[in-house]
Amino acid sequence: MTDHPHLGTLIPRLLVERGIDTVFGIPGVHTVELYRGLPGSGLTHITPRHEQGAGFMADGYARATGRPAACFIVTGPGLLNVATAMGQALADSIPMLVITTLNPRSTLGRGEGRLHELRGQSVVGREVSALALTVLTADQLIPAFDEAFAFLSSSRPGPVLVEIPIDLLSEPFVGPVTPVRKPAGPPPPAAGDVEAAAALIAKARNPLVIAGGGCVRGADAVRGLIEKLGAATLLTANAKGVLPAGHPLLAGGCMLTPALHDAIREADLVVALGTELGETEFWYGEEGLALGSPVIRVDIDVRQLYRNAHPALPVVGEAGAFAAALTPLVNTIPDGTAYAQRLQAARMEGADPRYTRHRPLIEAIWQLLPDAVVAADSTAASYGGNFMAEPPAPRRWMSAATGFGTLGYALPAAIGAKVARPGIPVVCIIGDGGLQFTLPELASAADAGAPIIVLLWNDQRYGEIEEYMIRNQIAPLGVQLHATDFSAAAKAFGAAHVAARSLGEVKVAMLSASKHPVTTIIEMDASHYA
């Protein structure tokens with residue numbers, strides 16, 4: 001017998017010491033050694049119905065809190081199943097830690113037909129992670145964890161993958177468990193860059209701020225800079241709430257309606273903070289974003305600085321730190337508030353009615369449930385929300401209808417958010433097609449005691465794809481969906497169901513559901529909803 005802990009037993013302790021409190025995963029023969037140390041560790045374990053759900057739950061947890069959760073994932077099919085969720089998190093810069101196993105070291109790459117054997121698993125994992133580490137000896141474990149957590153706290157966020165062969169999990173760890181040293185965090189922007197930005201801003205008469213998801217961590221500082229400047233501001237979907245609903249400088253968000261397209265083109269300076277300026281942040285299409293002025297580009301990721309727009313001033317740094325350093329150096333722009341209000345008033349002109357029809361529904365959520373967190377899938381109401389939603393604070397709107405653009409995201413992401421923040425309402429916006437991707441996760445919500453409110457738009461089709469096919473003169477084949485009895489499905493998975501034919505009925509149902517101890521599906525049948 002040995003007094004030294006096995007690696008599998010030690011790992012839960014290492015996670016807790018580094019600030020992880022929740023793990024999502026499905027136990028399998030290749031991960032059971034990770035579970036040996038779970039009892040008494042202080043970790044909460046949530047079991048999804050699919051590894052993809054584990055990843056989406058970790059994503060929702062992180063978006064709701066700013067902190068990563070962990071996933072325990074089996075070799076081969078488990079890694080492939082969670083890869084979609086990792087791809088979404090990578091595209092949206094969402095932190096999570098995925099711990100997956102490998103087959104025994106002596107068998108790697110041999111093609112012997114081992115259980116869960118996946119040729120090139122590490123290659124797959126690296127393609128959907130911001131950082132991928134493989135631990136092949138016991139003495140590599142703690143350095144790998146230290147590197148992983150330093151990256152999670154100091155770099156552009158994203159999924160971090162740690163692979164450990166199953167035979168290594170049963171080996172004793174004989175080395176010292178060194179004390180955890182908290183990383184210093186992202187490096188500050190260079191003082192010269194901040195001064196150069198102040199000089200450019202001083203010459204501008206009609207600047208425009210575009211704030212992205214990289215602003216959320218430093219939202220207070222970014223908001224302080226915007227208010228000191230008095231500049232009209234556009235928020236991407238991942239930056240929703242950096243300026244709260246009704247803020248006088250909030251000019252709009254995603255989707256280039258004519259007014260917002262003109263505003264970006266006519267500004268004499270664009271200050272782009274923590275944003276990719278990507279296609280799905282503004283849906284500008286193949287022609288690209290029309291920038292007719294110099295751009296100050298601020299991003300924690302140096303690789304991002306020259307993508308989608310060439311900056312007059314590229315600044316490497318975290319958006320909040322940059323904003324805090326710049327604020328004392330700038331003066332208020334005359335008439336910025338009035339300009340922002342004009343844009344706000346005009347931004348809806350030319351918007352697609354398929355999206356704007358859902359504006360009253362989206363606004364009703366925070367009117368009734370001011371603290372609510374909303375997870376949105378790829379569906380018409382979500383696209384509209386990316387454009388129109390104005391939550392009262394950051395981390396209240398999370399959407400898969402950007403970046404990677406997965407279907408089925410919103411249900412497990414909402415569950416992850418509810419696990420993270422059990423005292424507040426969590427709302428899932430999803431279509432009937434997307435819901436059927438991850439429908440069994442309703443049972444996971446019941447198991448976890450994490451009741452959510454599901455706003456289900458049911459048009460019995462993949463409506464967005466059908467519209468696209470028709471616009472492009474393609475016969476809309478494969479988009480009609482069999483009518484599903486969601487009332488029966490809700491009952492089968494331990495949830496309640498309400499049919500709502502109007503916004504008034506949805507509001508009543510939402511208030512009731514917010515007090516209900518189980519998940520409630522509020523179904524809006526598009527053929528009867530008015």
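Source: prediction; values computed, not measured.

(A) The packing of aromatic side chains, seen in detail. Inspection of every chain in the model, using the stated rule, returns seven aromatic pairs. Seen from their ring centres, Phe145 and Phe149 are 6.4 Å apart, and the 35 degrees between their planes marks the pair as tilted. Taken together, the residues Phe145 and Phe149, both in helix H6 (residues 141-154) and four residues apart, mark about one turn of the helix. Residue Phe145 shares its accessibility class with Phe149, and that shared class is buried. Summarising the aromatic geometry, the rings of Trp457 and Tyr529 are spaced 5.6 Å apart at their centres and angled 85 degrees between planes, so their arrangement reads as edge-to-face. Here Trp457, found in strand S16 (residues 453-458), pairs with Tyr529, found in the segment after strand S18 (520-525); they are 72 residues apart in sequence, far enough to count as distant. With a relative accessible area of 16%, Tyr529 lands in the buried category. Cation over ring: Arg347 sits above Phe387, and NZ or CZ is 5.4 Å from the ring centre.

(B) Structural detail: the sheet that holds strand S3 (residues 70-73). Read from one edge to the other, the open sheet built from six strands follows the order S2-S1-S3-S4-S6-S5, with strand pairing classed as parallel. Whereas interior strands pair on both sides, the edge strands pair on one side only; in this sheet they are strand S2 (44-46) and strand S5 (131-134). Going from strand to strand, the sheet's axes swing by 20 degrees on average, the running direction of each strand aside. Relative to strand S4 (residues 96-102), S3 runs parallel, the two being bridged by four bridges. Each residue of the ladder has a partner; that of Cys71, found in S4, is Val98. Docked against the sheet, helix H1 (residues 7-17) engages strand S1 (22-25), S3, S4 and strand S6 (159-165), running at close to 170 degrees with respect to S4. Together, S3, S4 and S6 form the strand contacts of helix H4 (residues 77-92), whose direction differs from that of S4 by roughly 155 degrees.

Reading the values: the criteria
- Residues numbered from 1 in each chain as written.
- Predicted model: local features only at pLDDT ≥ 70, side-chain atom pairs only at ≥ 80, totals over all residues.
- Heavy atoms only, no water.
- Phe/Tyr/Trp six-rings, centres within 6.5 Å; stacked < 30°, edge-to-face > 60°.
- Helix = DSSP H or I, 4+ residues; strand = E, 2+ residues; numbered from the N terminus.
- Buried < 20%, exposed > 50% of the residue type's maximum accessible area, 1.4 Å probe, protein only.
- Lys NZ or Arg CZ within 6 Å of the ring centre and 35° of its normal.
- Pairing = 2+ DSSP bridges.
- Axes fitted to C-alpha atoms, helices over the stretch in contact; angles between N-to-C directions.
- Contact = heavy atoms within 4.5 Å.

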